[in-house]
Protein chains: 2
Amino acid sequence: MNESKLVVIGGDAAGMSAASKVRRSFPEREIVVFERGKHTSYAACGMPYFIGGDVDSADRLVARSPEVIREKMKIDVRTLHEVTAIDTSAKQVTVHDLKHDQTLTESYDDLLIATGAEPSRPPIEGINAHGVRGLSSLQSGIEALEEISARKPKTGVIVGGGYIGIEMAEALLARGMHVSLVDMAPQVMTTMDADMASLISDYMSSQGVHVYLGEKLQRIETDRFGRATAVLTDTQRLPADIVFLGTGVKPNSSLAAEAGIETGARGAIAVNKKLQTSAPRVWAAGDCAESYHLVSQEQVFIALGTVANKHGVVVGTNLSGGDVEFPGVLGTAITKMNELEIARTGLSEAEAERLGRNFESATIRSHTRAGYYPGGGDITVKLLVDKDSGRVIGGQIVGAPGSGKRIDTVATAITCRMRPSDMMNLDLSYAPPFSPVWDPVQVAARRFV
Amino acid sequence: MNESKLVVIGGDAAGMSAASKVRRSFPEREIVVFERGKHTSYAACGMPYFIGGDVDSADRLVARSPEVIREKMKIDVRTLHEVTAIDTSAKQVTVHDLKHDQTLTESYDDLLIATGAEPSRPPIEGINAHGVRGLSSLQSGIEALEEISARKPKTGVIVGGGYIGIEMAEALLARGMHVSLVDMAPQVMTTMDADMASLISDYMSSQGVHVYLGEKLQRIETDRFGRATAVLTDTQRLPADIVFLGTGVKPNSSLAAEAGIETGARGAIAVNKKLQTSAPRVWAAGDCAESYHLVSQEQVFIALGTVANKHGVVVGTNLSGGDVEFPGVLGTAITKMNELEIARTGLSEAEAERLGRNFESATIRSHTRAGYYPGGGDITVKLLVDKDSGRVIGGQIVGAPGSGKRIDTVATAITCRMRPSDMMNLDLSYAPPFSPVWDPVQVAARRFV
C-alpha cells in the first residue's frame with residue numbers, strides 16, 4: 001500500500017485532511033488531488049462572516065493554499081480540474097482541465113471522493129437569475145461580496161431560516177441592508193423544536209430582520225436584464241436587490257452514482273464505518289458522504305465541517321495502514337445571530353417522533369452566570385429523554401453569550417448514554433463569572449430526576 | 001420518617017439544599033436549622049467579586065434570607081445560634097443562642113451536619129492581627145469591604161496563590177491597590193501543573209500583580225495598635241495595609257469529632273456514598289464532609305459550592321424516602337484573573353504521581369475561535385492519560401475568554417471513562433465565532449491518538 005497511488009477528488013476539508021494524514025505517514029507516496037475550484041482547504045463556514053465584514057480578507061479563510069500544499073506537503077494538487085467520470089473497473093478517473101479545456105485520465109490505486117455538497121436551488125422561476133446567490137465554494141462568497149460592494153444593494157431577502165439563513169441575516173444587517181427572511185416552514189431552524197425556534201425568530205425580529213414564516217416561495221421576479229428584483233411568496237412580494245439561498249444543501253454524489261457507486265441517505269454516497277463505498281478501494285468522506293447517527297442508529301446526511309475533518313482523518317488513517325472506524329455523529333451544531341447563541345445536538349422532538357421514540361422533554365430558563373455577577377444573560381436549555389431507555393437523547397440551547405458551547409457537555413453525555421441523574425451529578429465547573437452553581441444543563445437534567 | 005424531626009447545623013448551601021428538598025417532599029415535617037452567623041444561603045464564591053466591586057450589594061449574594069426561609073419555606077431557621085455539642089446517644093444538640101447568650105438543647109430524629117469549612121490560618125506571629133483577613137462567612141466579606149472603604153488601604157498582600165488568592169488579586173487591583181501575592185510553593189494554583197500555573201502567574205504579573213513564589217511566610221508585622229503593617233517572608237518584607245489569606249480551608253469538623261463521629265480525609269467528616277456518618281441518623285454534607293474521587297477512588301476533601309449543593313440534594317432525597325448515592329467528584333474547578341480563564345478537572349501530574357499512576361500528558365496551544373474570526377485568543381489545554389487503562393484522567397485549561405468552560409467536556413469525558421480517541425471523535429459544536437473546527441480539547445486528545 002505504501003507505493004500505491006492515491007487520487008482525491010475535492011481539495012477541501014475532508015479531501016485535504018485525508019491527503020495530509022497519508023502524506024505524514026508516507027512521505028514518498030504519490031498523491032494527486034483534483035479540485036474543480038480555484039481554492040483549497042478553505043473555511044466555508046467563515047463565508048457569512050467574510051460577507052458581513054467580520055473577516056476582512058478571503059485569504060484568511062484559506063487554511064492552505066494550493067502552493068503550500070504542493071511545495072510544503074509535496075501533494076500534487078490541481079485546481080480548476082473537474083473530475084467528470086470514475087471508472088471503478090479500470091481504476092481511473094476522467095478529468096476536465098478547466099483552464100486549458102483539455103480532458104485527461106488519471107489512474108488510481110485508492111480513490112477518495114470528497115466532492116462536498118452544494119446549495120439546493122428550489123425549482124422555481126427565476127432561481128438562477130443574477131443576484132440570486134447560494135454559498136458553495138469560497139469563490140461564491142467572494143463574488144457575493146464583490147456584488148454587494150459594487151452594487152450596494154439596499155434590500156436583501158434570505159430564503160431559508162436554517163444556519164446559513166440566520167448567519168446571512170446577521171451579515172446583511174451588518175452591511176446596512178433592509179433584511180427579510182422567508183421560510184415555508186412555520187419556524188426557523190427546523191433542526192430544533194418550535195418552542196426553541198420561536199426564541200430565535202423573536203430575537204431576529206428584535207434585531208431588525210423581517211421574518212416571514214409559513215410562506216411558500218413562488219418565484220423570483222426579474223427585470224429585463226435577468227436580474228432579481230423581488231421574491232414572491234404565496235402571500236406577498238418582497239423587493240430584493242440581492243437574494244441569498246439558505247435552503248439547505250445536497251450532496252455532490254452524482255459523479256459517484258454515475259459510476260455505479262451506491263448512494264444512501266438523501267442521496268449521499270453510502271459508506272460503512274471505515275468510510276468505504278460499494279466500489280473496491282473507493283472511499284468517500286465529508287459532505288458528499290453519509291454518516292451514522294449515534295442516537296437514531298440510522299445512516300444520515302449531515303454536511304458540517306467538523307464531520308468532514310473527522311471523516312478525512314479516518315480515511316487518511318485507513319489509507320496509512322490503520323484500521324479505524326468513524327463512530328458517528330449527533331448532528332451537533334452551533335451558530336449565533338448577533339448576541340444570541342443557538343446550539344443543538346442529538347434528536348429533536350420531530351426526529352424522535354418520526355423514529356417512534358417514547359420520549360419526554362423539559363425546558364428550563366436559567367442564567368449564563370451567577371445571577372448577581374454582571375454581564376450574564378438568559379439561557380434556555382431543552383433536553384429530551386427516552387422514557388424506555390432512560391437516556392438523554394437530545395439537547396437544544398438558545399441564549400446569551402456563553403450559552404452555546406454548553407451543548408458540548410450535552411453531546412458528550414449523549415455519546416456516553418447518560419441518564420439525567422448522571423448529568424445532574426456531573427462535576428461541572430462553577431464560579432460566578434461562568435455559571436450558576438448548578439450549570440443550566442444540569443438544571444434541565446434535574447427536571448427528570 | 002414523615003413525622004420525624006430534622007435538625008440541620010449550618011444554613012448555607014448544603015444545609016439549605018437538603019432542608020428545601022425535605023420540605024418539598026414533606027410540607028408538615030419539623031425542620032430546624034441552626035446557623036451561627038447572621039446570613040443563610042449565601043454565595044460565598046461571590047465574595048471576591050463583592051469586594052472587587054463587580055457585585056454592588058452583599059444582599060445580592062443571599063439566595064434566601066432567614067425571613068424567606070421561615071415564611072415561604074416554613075423552615076424554623078435560627079441565625080446567631082451556634083451548636084456547641086452533639087449527643088448522638090440522646091439524639092440532641094446543645095445550642096448557644098449568641099444574641100441572648102443562652103444555652104438550649106434541641107432533640108432530633110435526623111441530624112445533618114453542614115458546618116462548612118473555614119480559612120486555614122498559618123500558625124505564625126501576627127496572623128490574628130487587625131487587617132489580616134480570611135473569607136469565610138458572608139459577614140467576613142462585608143467586614144473586609146467595610147475596612148477597604150473606610151481605611152482605603154494602598155497596599156494589599158495576598159498570602160496564597162490558589163483560587164481565592166487569584167480572585168482577591170483581581171479584586172484588590174480593581175480597588176486600585178498595589179497588590180502582591182506570596183506563596184511558599186514554587187507556583188500558583190497547586191491543583192494544576194507547574195507548566196500551566198506559570199501561564200497564570202505570568203499573566204498576573206502582566207496585569208500588575210507582584211507575584212512572589214517559593215517564599216515562606218515568617219510573620220505578620222504589626223504596629224502598636226495591633227494592626228498589620230507588613231508581611232515578612234524568608235526573603236523580604238512586603239508592606240501591607242491589608243492582608244488576605246488564601247491559604248486554603250479546613251473542614252469545620254471538630255463538633256462532629258468531639259461527638260465521636262469519625263473523620264477522614266484531611267479531617268473532614270467521614271461519610272459513605274449516601275452521606276451517612278458513623279453515627280446513626282447523622283448525616284454530613286458540603287464543605288465539612290468528604291467526597292469520593294471518581295478517578296483516584298479515594299475519599300477526598302474538596303470544599304466547593306457545586307459539591308455542597310449536590311450533597312445537600314442527596315441527603316435531602318435520602319431523608320425524603322429516597323435511596324440515592326453521591327457518585328463522586330473530579331475536583332473540577334474554574335476561576336479567572338481579569339481576562340484569563342483557568343480551569344481544571346481530574347488528576348494533576350502531582351496527584352497522578354502520588355497515586356503511582358503510569359501516565360502521559362500532552363499540552364497544546366490552540367485558539368478559542370476560528371483563527372480568522374475576530375475577538376478570539378489563545379487557549380492552552382493539557383490532558384493526562386493513564387497508560388495502563390488508556391483513559392483520560394485529568395485536564396487543565398488556561399486561556400482567553402471562552403476557554404474555561406470547555407473543561408466541562410473534559411470532566412464529562414473523564415466521568416464516562418473515555419479514551420483520547422473517544423474524545424477526538426466527539427461530535428462537539430463548531431462555528432467560527434465559537435471554536436476552531438477541531439475544538440481545542442479535541443486537538444489535545446489527538447496528541448494521544
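Refer to the structure above for everything that follows.
Residues numbered from 1 in each chain as written. Chains lettered and ligands numbered in written order. Predicted model: local features only at pLDDT ≥ 70, side-chain atom pairs only at ≥ 80, totals over all residues. Heavy atoms only, no water.

A. Just the sheet that holds strand 1 (residues 6-9) of chain A, in detail. Residues and elements named next belong to chain A. Here we have five strands laid out as an open sheet, ordered 3-2-1-7-18, and parallel in their pairing. Strands with a single pairing partner mark the edges of an open sheet, and in this sheet they are strand 3 (76-79) and strand 18 (282-284). Along the sheet, successive strands turn relative to each other by an average axial angle of 15 degrees, direction set aside. Of the strand pairs in this sheet, strand 7 (residues 110-113) and strand 18 are connected by three bridges, and their pairing is parallel. (Pairing = 2+ DSSP bridges. Helix = DSSP H or I, 4+ residues; strand = E, 2+ residues; numbered from the N terminus. Axes fitted to C-alpha atoms, helices over the stretch in contact; angles between N-to-C directions.)

B. Fine view of unusual backbone geometry. A positive phi angle, close to 60 degrees, is found at Arg417(A), a residue other than glycine. If you trace the backbone, Arg417(A) turns up in the loop between helix 10 (407-415) and helix 11 (420-424). For Met189(B), which is not a glycine, the phi torsion comes out positive at approximately 45 degrees. Take Met189(B): it is sitting in the loop between strand 11 (178-183) and helix 6 (194-206). Judged by its relative accessible area of 2%, Met189(B) is buried. (Buried < 20%, exposed > 50% of the residue type's maximum accessible area, 1.4 Å probe, protein only.)

C. Structural view of the relation of the copies chain A and chain B. Expressed as a screw transformation, the operator carrying chain A onto chain B has a rotation angle of 180 degrees and an axial translation of 0.0 Å, and the superposed copies differ by an RMSD of 0.0 Å. Read as a symmetry element, the transformation amounts to a two-fold axis. Across chain A, the smallest distance between a C-alpha and the rotation axis is recorded for Thr409(A), namely 2.6 Å. Both copies present the same face, since 100% of the interface residues in chain A are matched by interface residues at the equivalent positions in chain B. (Least-squares fit on C-alpha atoms with pLDDT ≥ 70 in both. Contact = heavy atoms within 4.5 Å.)

D. Main features of the state of the cysteines. Tallied over the entire structure, the rule returns one disulfide over all chains. Each disulfide pairs two cysteine sulfurs, and for Cys416(A) the partner residue is Cys416(B), the sulfurs being separated by 2.5 Å. One disulfide, between Cys416(A) and Cys416(B), carries an S-S torsion of 115 degrees and so falls in the right-handed class. Taken together, the residues Cys416(A) in the loop between helix 10 and helix 11 and Cys416(B) in the loop between helix 10 (407-415) and helix 11 (420-425) connect one chain to another. Looking at Cys288(A), it has no disulfide partner, and the nearest cysteine sulfur is the one in Cys45(A), 16 Å off. Here Cys288(A) falls in the buried class, since its relative accessible area comes to 0%. (Disulfide = S-S within 2.5 Å.)

E. Broad picture of the side chain of Asn318(A). Residues and elements named next belong to chain A. With respect to the helices and strands, the residue Asn-318 is situated in helix 8 (residues 305-318). Side-chain polar atoms of Asn-318 contact the backbone oxygen of Lys-274, separated by 3.3 Å. In terms of polar contacts, Asn-318 uses its side chain to reach the backbone amide nitrogen of Val-324, at 2.6 Å. (Polar contact = N/O pair within 3.5 Å; in protein donor to acceptor, adjacent residues only side chain to side chain.)

F. Representation of helix 1 (residues 13-25) of chain A. Residue and element names in this part refer to chain A. Relative to the 18 Å expected for 13 residues at 1.5 Å per residue, helix 1 spans 18 Å between its end C-alpha atoms, a close match to the ideal helical length. Restricting attention to buried positions, one finds in helix 1 the residues Ala-14, Gly-15, Met-16, Ser-17, Ala-18, Ala-19, Ser-20, Val-22 and Arg-23. Of the surrounding secondary structure, the elements contacted by the buried residues of helix 1 are strand 1, strand 2 (31-35), helix 3 (66-71), strand 7 and helix 8. (Expected span 1.5 Å × (residues − 1).)

G. Structural context of the packing of aromatic side chains. Evaluated as defined, the whole model comprises two aromatic pairs over all chains. With a centroid separation of 5.1 Å and 85 degrees between ring planes, the pair formed by Tyr49(A) and Tyr373(B) is classed as edge-to-face. Of this pair, Tyr49(A) sits in helix 2 (residues 47-52) while Tyr373(B) sits in the loop between strand 23 (359-367) and strand 24 (378-386), placing the two residues on different chains. Per residue, the accessibility class of Tyr49(A) equals that of Tyr373(B), and both read buried. Of note, Lys273(A) hangs over the ring of Tyr292(A), and the distance from its end group to the ring centre comes to 4.4 Å. Taking the ring centre of Trp438(B) as reference, the NZ or CZ of Arg446(B) above it sits at 4.2 Å. (Phe/Tyr/Trp six-rings, centres within 6.5 Å; stacked < 30°, edge-to-face > 60°. Lys NZ or Arg CZ within 6 Å of the ring centre and 35° of its normal.)

Honestly, that's just the spatial picture; any functional story needs more than this.
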